Amino acid sequence: MKVQGWKRSLSSVLAAVMLLASLSLSVLPKQAGAEAGIERIATNFEDGTVQGWHGRGGNEVLTASELAAHTGAFGLKVTGRSQSWNGPQLDVTSIMAEGKTYALTAWAKLPTGVTAASISMTVQRTTDGTTYYEGVNAGSVTADGWVKLSGQYQLKQPAQSLSVYFEASSNPTLDFYIDDFSIERLPDPEPIVIQQDIPSLKDVFADDFKLGTALLANEIEDPSGPDAQLIKKHFNSLTAGNELKWDATEPQEGQFNFTRSDKIVDFAVENGIAMRGHTLIWHSQTPNWVFYDENGNLASKELLFARMKRHIETVVGRYKGKIYAWDVVNEVLEPGDNQPGGLRNSLWYKIAGEEFIEKAFEYAHEADPDAKLFINDYNTNIPDKRQDLHDLIKRLQDKGIPVDGVGHQTHIGIENPQVQELDDMIQAFTDLNIEQQITELDMSVYTNDNDAYETFPLDLQIKQAKRYKEIFDVFRKHADQLTAVIFWGKDDLNTWLRTFPVDRNNWPLLFDERLQAKYAYWALADPSKLPVDIQTTTAANAGAHIDGKLEDAWSKASAVSILNEGAAVAKFKTLWDPDHLYMTVDVSDASTNGNDAVEVFIDGNNGKTTAYEADDKKYTFRRSGANPGKPAAYKVIKLTDGYRIEAAIPVDSMSLNDKLGFDVRIVDKAGSTVTNTSWNDRTGSQDTDTSKYGVLTLIEGPQSSEALMGTPVIDGNMDSLWSKANIITTDRWVQGTNGSKAKVRTLWDAGRLYVLAEVTDSLLSKQSPNVWEQDSLEIFVDQNKAATASYQADDGQYRINFDNQQSVNPGVLGGNLVSAVKQTANGYVVEASIKWTGSPPAAGDIIGFDVQVNNDEDGDGDRDSVAIWNDRSGLSYTNTSGFGLLKLGGQ
């Protein structure tokens, strides 16, 4: 064995020397052998050759060209691509050493006149006969200047082959330039030592539910290493991230491979950790051979079931008694596929219909009657999807199918979904009398796919921690339903969110890249260790009458929850004018006590001091209504489950963009017991200390209009019915400072919303293949005016270009839109109707609404300006919180 190992090392050195001989800039290895690796190599093509690079697909043409030079005289010119994965590739098998981390850098540019496109730098690794594609970096590249692509890569597993390549997946024929490529080994970091003197999370939640993590086999290669130590200390349930999926266990028909899954299961058994199986049946990561017969035709149902039965019997049977629960079917719902019951139109479904789900559970139960069998899915917080899932489980139960539990993946973001949605999600399945588990929990720190941080901002660290605390309060509330909460990864280095949906840093878990506890951990283990979190909210510019009636002005204000152990005890709204801060506070408290009260604290200059100053005030509004008008006018309104305070608080000379220190405290008195719950300062020091107040910013607030009743004919003509409609204008700029705008009219009836827009546009263009960059009108509707950070089932984005070509988000709402377009001397007119979703609104209701004009000013395929009626954020396509308000009026 030693001789063979020596031969491998010698061959690696020879390969490295041959490669280095072709490089124009390189540093030889400090030690011989692939185990040592190479300190640094670089290719700059200055010798006029491609220096070892070759095409991945065979059709590419790689040349050293002066046109492709970032520095010096030459760079690498890539032409002749015909597939999205085609591009230049460099074999680096002899360069990278296992366990080492490398910095990879390259410069990219497009030829003159070529439209911007994304180019990615990826490492292709083959280990134990399986090829993996691991993203390093990707970026938008243009013809205007060179773009630096850089990132780090750690070789965590032994590799039989290793290469770096560049591709442009969005444009299979794109030509591009690459220059000044380098790989440099980074210094070895200080040894990682986990914190043994902190509470074990599995003990923190011992009385509630199992606390688990997903992992990959490489994380426990060293069973005494820090990764394994962290798992053993904090988690009492494990899930294999990839190793038990079909492509890992049976990549070829009848050829099973349990090498990596055995490592994880054995580790769990040896350390007394419960093991969870993920997943038996999934539309993804299932080899294509499963769905086709020997003639290449779609398999029959009988053949599919035979393969399914053999696979499940083999995999589940191997781990019988060792795996306590299985995700039998995963992600079988996709309402956008328009199949009955919201089922995903996968190959499983196309061949066998809903029956494949039934068979999967039956086969799994036969293979291990004692294992708990789960159906697992994502976005179960969305009402329509969770109802589809609920109904599916009920159908299975009625047929006697052995479904023991429902798994909620719960891949969430820093802002969405709302905590209440997760509460509702769990509550929705309680009538089925089955177990529930949170199966794949993580929290992206981003709200869109465009942002990227080099380091984790402190304010986001605290925000993430607080959100984890609120979410786990909900989980504990439902501990009678939940049997496990499982994170999708244990630390921020081992997370899929570093490459999905784009390549960027992300910090979604409780432990950082060096396995140290984050604020998110302390939020669960000991919240007292968190820094003071200063919450923020806004007040919209509008006045209100203190008369116990909620006039339309209050629709401009967003409701803010005051939480206690994850449950909302009150919600407040705020408005302002130059002399008053207006408030409504709805308190949930069915037990009436005249001394119950709402206390409001205001620091007029947001001074954040530890002692009261002249501008610091406290206002007490009692449930009994005692002492009204002194020093602020207020009324008390009885609610079904509590009471409402409506108040006008005098504040001197307020103006737009002012910031007030602000807090609200709910005082609940029951006999001799007093419970105080605050919006921001939970220390109870608001009476003397303003440093922990939240911040209230005075904003303009949303614009509003009224749609009158009427039913126009959608033909592109402005008939007389439109003459009575109110006019709004898209005169706020999301992109650019001038360009195309529109005058917009709205009408409505019981079935639909109607929009007519007169768009001024001197040059009509749909040069770009991207529909959002074509000259077009977009209509945004939030029917229930929920103003959420992501789209709900009633929310839609409806786009119509000047040629009346439609695009709708989400696509399932495409049938709701009817439109007609006529071009005019100075632009075009769009007339559209949008069908209400679900229960239609009624006269007097207010919906979220916005309208936007996209403009390619010079016809070059780039969007030069975006004008909108209300929401300047640029996030209207995914976030409804910035929409304007449209009241549905009468005739």
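Above this text sits the structure in question.
Rules behind the numbers
- Residues numbered from 1 in each chain as written.
- Predicted model: local features only at pLDDT ≥ 70, side-chain atom pairs only at ≥ 80, totals over all residues.
- Heavy atoms only, no water.
- Salt bridge = Lys/Arg side-chain N within 4 Å of Asp/Glu carboxyl O.
- Helix = DSSP H or I, 4+ residues; strand = E, 2+ residues; numbered from the N terminus.
- Buried < 20%, exposed > 50% of the residue type's maximum accessible area, 1.4 Å probe, protein only.
- Core = buried A, V, L, I, M, F, W, Y, C linked by side-chain atoms within 4.5 Å.
- Contact = heavy atoms within 4.5 Å.
- Patch = residues over 30% accessible without salt bridge, like charges linked within 9 Å, V, L, I, M, F, W, Y side chains within 5 Å.
- Areas by Shrake-Rupley, 256 points an atom, 1.4 Å probe, with all protein chains shown as cover.
- Lys, Arg positive; Asp, Glu negative; His and termini not counted.
- Charge placed at Lys NZ, Arg CZ, Asp CG, Glu CD.
- Expected span 1.5 Å × (residues − 1).
- Pairing = 2+ DSSP bridges.

Asks: Explanation requested: the pattern of salt bridges in the structure shown.
Replies: Side-chain pairs of opposite charge can arise whenever the charged atoms involved come near each other. If you walk through the whole model with that rule in mind, you get 42 salt bridges. Measuring nitrogen to oxygen at the nearest pair gives 3.0 Å for the salt bridge that ties D398 to K394. Note that D398 and K394 are positioned in helix α9 (residues 383-398) at a spacing of 4 residues, about one turn of the helix. Judged by relative accessible area, which is 55%, D398 ranks as exposed.

Asks: Looking at this structure, how should I read the nonpolar core?
Replies: Generally speaking, a soluble globular protein has its nonpolar side chains buried in company with each other. If you look at the biggest cluster of nonpolar residues, it comprises 60 residues, and the most contacted ones within it are I281, W326, F356 and I375. Here the element with the most residues in this core is helix α8 (residues 355-367); it accounts for 7 residues. Those residues in contact with I375, other than ones at most four positions away along the chain, are V329, V332, F361, L389, L392, I393, V403, G405, V406 and G407.

Asks: How should a negative patch on the surface be read in this particular structure?
Replies: A cluster of like negative charges, contributed by D144, E857, D858, D860 and D862, occupies part of the molecular surface. Following the sequence through the fold, D862 ends up in the loop between β43 (846-855) and β44 (865-868). Judged by its relative accessible area of 36%, D862 falls in the partly exposed class.

Asks: Looking at this structure, I do not really get helix α5 (residues 259-270). What am I missing?
Replies: Because an α-helix packs 3.6 residues into every turn, residues spaced three or four apart end up facing the same way. Here α5 contains 12 residues, and its C-alpha end-to-end distance of 16 Å stays within 8% of the 16 Å for a straight helix at 1.5 Å per residue. Residues of α5 that are buried: S261, D262, I264, V265, F267 and A268.

Asks: What is the right way to look at α9 in this model?
Replies: Between its terminal C-alpha atoms α9 stretches 22 Å, which fits the 22 Å expected from 16 residues at 1.5 Å a residue. All of the buried residues in α9 are K385, R386, D388, L389, H390, L392, I393 and L396. Of the surrounding secondary structure, the elements contacted by the buried residues of α9 are α8, β17 (372-377), β18 (405-408) and α10 (419-427). Just past α9, the residue G400 takes up positive phi, approximately 80 degrees.

Asks: Which parts of the structure should I look at to understand the side chain of T79?
Replies: For T79, the position within the fold is in strand β5 (residues 75-79). Assessed through its relative accessible area of 18%, T79 is described here as buried. If we ignore the near neighbours within four places in the chain, the residues touching T79 are N59, E60, V61 and D175.

Asks: Looking at this structure, how should I read the sheet that holds strand β3 (residues 54-55)?
Replies: As a general point, the strands of a sheet are linked pairwise by backbone hydrogen bonds and lie either parallel or antiparallel. Pairing in this open sheet of 5 strands is antiparallel, and the strands run β3-β6-β11-β8-β9 from one edge to the other. Strand pairing shows two members of the sheet lacking a second neighbour, β3 and β9 (130-141), which therefore form its edges. Bridge analysis of strand β8 (residues 117-127) against β9 gives 11 bridges, and the strand direction is antiparallel. Looking at β9, one finds that M121 is bridged to N137.

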